[in-house]
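# Structural characterization, general
Listed here are the chains, written in short residue letters.
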Amino acid sequence: MTSHLQDKKILLAVTGGIAAYKAAELVRQFVKAGASVKVVMTKTAESFIPAKTMAILSKQPVLTDASRLASANVEHVAWARWADAIVVAPATANTIAKVANGLADNVLTETLLASTADTKVLAPAMNDQMLANPATIRNLKQVQEDGWQIVEPATGFLAEGYEAKGRLANLERIVEATALALSDQSIQQSEKNDMNGDLPLKGRRLVITAGGTKEPIDPVRYLTNRSSGKMGYALAEAALAAGAQVTLVAATKRPYSPGIDRILAPSAKEMLAAVTEAMKTADAFIGAAAVSDYALAKPFEQKVKKISPDEHLTLDLVQNPDILKTVGQAKRPGQVVVGFAAETENLLPNAEKKLASKKADMIVANDVTAPEAGFDKDSNLVTLLQPKQAAITVGPASKLTVAKAIIDQLVTLLDKQ
Ligand SMILES: Cc1cc2nc3c(=O)[nH]c(=O)nc-3n(C[C@H](O)[C@H](O)[C@H](O)COP(=O)(O)O)c2cc1C
């Protein structure tokens, strides 16, 4: 995946947190992956790591408030234009707040504001209390909405001397996230370049499900699973880029493109109702949601209170409707049905069984225990199974790349109908 960094121009923005010293190693990792790196630093960052170290490692002059004042050129705009990707690491609470509000009061924030790079990655690192502050949570949500990809801080030993969430993510994760974001960008660019040609799903209606369903226990609690919805949302984006009219029935909320018709359906029953309605006019169904197999027979009407310590609380679970099977059985001639099989063992035999029992045209088999695949990851590794056809392996690659491969197969399946 880091091959996507070859010959790419990365602008590394370093802000003034205790993790700033790790930015030196980050430069080395980007350079090792074939990228050119330029560094811009805040004044506070310079108090943690000298600009000279960054200049030597990047083999480029470093942009600082002092160097900018000494120069007659408008360096920050030129550097902002130069970059294919901007990576802020570590990102302090202070700089995140500025980015969220469009402030430009130093050379680093001016550069970020002047940037038109499509790939923007931000790796926060701070004390756990700063991270949990509602203002930081609000600011991180805002920057995410503005198109920044956040590399979540890790839990570990903080500089304050205790274990908590707030450490800068592993450098490999930051490099990987940047590579993934750059590869997604190149796909979206090639789709845009394709706009003049015939879009393969033009005039087709697709129904896609996403996320882990939430089955209510009582008014404040629910049963769910580890699915983030990233794969389903990526499929919706890939289908939209291929020209389809997309209805995304989602159990989890994530950002999505305006052209997608998203319907929120948290529980399996709500999801089935929305899917059944949407399938009346659809050409194809992709069931990427992790639908809970069980739900409470009768959710409690009021919040369940604690009982005495030696008493057990038993939840009476009943099977949920099987959405993929229901759609497969109700399939009209010409409709195509694709399901996902997330397995932790016997991946291919279980997926083969699912292909037959659900009357699906294709199963996307997904070993959720693989390190580069599965729930809440940005990448995936899948095997596409179709009746009487050789299996196709896709990945490890970004979920958008995998989604595009699935959509390409769906186009072939629809064309065969
Ligand atoms: C020793 C020390 C460590 C700090 N570590 C962090 C940190 O890890 N994360 C953070 O958000 N702020 C941290 N701060 C606070 C920032 O340095 C401060 O908010 C500063 O204004 C950030 O400036 P900048 O965002 O322009 O680089 C630290 C401050 C000190 C004195």
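All figures in this text were calculated on a predicted structure; none of them were measured in a lab. (Residues numbered from 1 in each chain as written. Predicted model: local features only at pLDDT ≥ 70, side-chain atom pairs only at ≥ 80, totals over all residues. Heavy atoms only, no water.)

### Considering the side chain of Thr383
- Mapped onto the elements of the fold, Thr383 is located in strand E18 (residues 379-385).
- The buried category is assigned to Thr383, whose relative accessible area is 11%.
- The residues contacting Thr383, other than those within four sequence positions of it, are Leu348, Ile363, Val364, Ala365, Ala391, Ile392 and Thr393. (Helix = DSSP H or I, 4+ residues; strand = E, 2+ residues; numbered from the N terminus. Buried < 20%, exposed > 50% of the residue type's maximum accessible area, 1.4 Å probe, protein only. Contact = heavy atoms within 4.5 Å.)

### Let's talk about helix H1 (residues 22-32)
- Within H1, burial applies to Lys22, Ala23, Ala24, Leu26, Val27, Gln29 and Phe30.
- Of the residues one or two after H1, Gly34 is the one with positive phi, at around 100°.

### Concerning the site of the ligand
- Surrounding the ligand, one finds 15 residues, the nearest of these being Gly16, Thr42, Thr92, Ala93 and Thr95.
- Between the ligand and the protein, one listed contact pairs an oxygen atom with a backbone N or O atom of Gly16 at 2.6 Å.
- Thr95 has a polar side-chain atom sitting 2.6 Å from an oxygen atom of the ligand.
- For the ligand, the protein covers 65% of the area, taking 640 Å² as the surface of the free molecule.
- Among the elements of the structure, helix H2 (43-48) and helix H6 (93-101) are those that each provide at least two residues to the shell around the ligand.
- Classifying every residue of the shell around the ligand by side-chain character gives 6 nonpolar, 9 polar and no charged. (Near = heavy atom within 4 Å. Polar contact = N/O pair within 3.5 Å; in protein donor to acceptor, adjacent residues only side chain to side chain. Areas by Shrake-Rupley, 256 points an atom, 1.4 Å probe, with all protein chains shown as cover. Nonpolar A, V, L, I, M, F, W, Y, C, P; charged D, E, K, R; others polar.)

### Considering the pairing of strand E19 (residues 392-398)
- Note: E18 against E19, 5 bridges, orientation antiparallel. Within E19, the position partnered with Leu384 by the bridge is Ile392.
- Adjacent in sequence and paired antiparallel, E18 and E19 are bridged by 6 residues, among which Lys388 carries a positive phi angle near 55°. (Pairing = 2+ DSSP bridges.)

### Brief notes about the nonpolar core
- Core analysis: the largest hydrophobic core is formed by 38 residues, its most contacted members being Leu206, Ile208, Leu235, Ile286, Ile406, Ile407 and Leu410.
- The element best represented in this core is helix H15 (residues 399-416), accounting for 9 residues. (Core = buried A, V, L, I, M, F, W, Y, C linked by side-chain atoms within 4.5 Å.)

### Focus on a nonpolar patch on the surface
- Nonpolar side chains collect at one region of the surface, where Tyr294, Phe300, Ile307, Leu313, Leu315 and Leu317 lie side by side and expose about 500 Å² of accessible area between them.
- As for its position among the elements, Phe300 is in the loop between strand E14 (294-296) and strand E15 (317-319). (Patch = residues over 30% accessible without salt bridge, like charges linked within 9 Å, V, L, I, M, F, W, Y side chains within 5 Å. Salt bridge = Lys/Arg side-chain N within 4 Å of Asp/Glu carboxyl O.)

### Here's the deal with the domain arrangement of the protein chain
- Segmenting the protein chain into domains produces domain 1 (2-184) and domain 2 (198-416).
- Contacts between the two partners involve 4 residues from domain 1 and, on the opposite side, 6 residues from domain 2.
- Both faces combined, the contact of domain 1 with domain 2 buries some 420 Å², and carbon together with sulfur accounts for 58% of it.
- Our count for the contact surface shared by domain 1 and domain 2 stands at 0 salt bridges.
- Counting across the interface, domain 1 meets domain 2 through 0 residue pairs in polar contact (both at pLDDT 80 or more).
- Considering only residue class, the side of domain 1 that touches domain 2 consists of 1 nonpolar, 2 polar and 1 charged. (Domains from an automatic or database assignment. Buried area = accessible area lost by both parts, 1.4 Å probe.)

### A few points about the packing of aromatic side chains
- Scanning the model with the defined rule gives 1 aromatic pair in all.
- Here the basic side chain of Lys38 rests over the ring of Trp79, its NZ or CZ set 4.7 Å away from the ring centre.
- Directly above the aromatic system of Trp82 lies the positively charged group of Lys38, at a separation of 4.7 Å from the ring centroid. (Phe/Tyr/Trp six-rings, centres within 6.5 Å; stacked < 30°, edge-to-face > 60°. Lys NZ or Arg CZ within 6 Å of the ring centre and 35° of its normal.)

### Digging into the sheet that holds E19
- Spatially, 8 strands are ordered E12-E11-E8-E13-E16-E17-E18-E19 in an open sheet, and the strand pairing comes out mixed. Edge positions in the sheet fall to strand E12 (261-264) and E19, since each of these pairs with one other strand and no more. Sheet twist, expressed as the mean angle between neighbouring strand axes with direction ignored, is 20°.
- Docked against the sheet, helix H11 (residues 230-241) engages strand E8 (205-210), strand E11 (245-250), E12, strand E13 (284-287), strand E16 (336-343) and E18, running at close to 165° with respect to E8.
- Against the sheet, helix H14 (residues 347-357) contacts E16, strand E17 (362-367) and E18, and its axis sits at roughly 155° relative to E17. (Axes fitted to C-alpha atoms, helices over the stretch in contact; angles between N-to-C directions.)

### Quick word on the packing of H11 against H15
- Taken N-terminus to C-terminus, the directions of H11 and H15 make an angle of 55°; their axes are 8 Å apart at the nearest point. Between H11 and H15, the angle is such that the two are oblique. The element H11 and its partner H15 pack so that their crossing is right-handed. Contacts between H11 and H15 involve Lys230, Met231, Ala234, Leu235, Glu237, Ala238 and Ala239 on the former and, on the latter, Lys399, Leu400, Val402, Ala403, Lys404, Ile406 and Ile407.
- Along the lines of polarity and charge, the residues of the contact of H11 with H15 split into 10 nonpolar, no polar and 4 charged. (Parallel < 35°, antiparallel > 145°, perpendicular 65-115°, else oblique. Left-handed = near helix turned anticlockwise from the far one by under 90°.)

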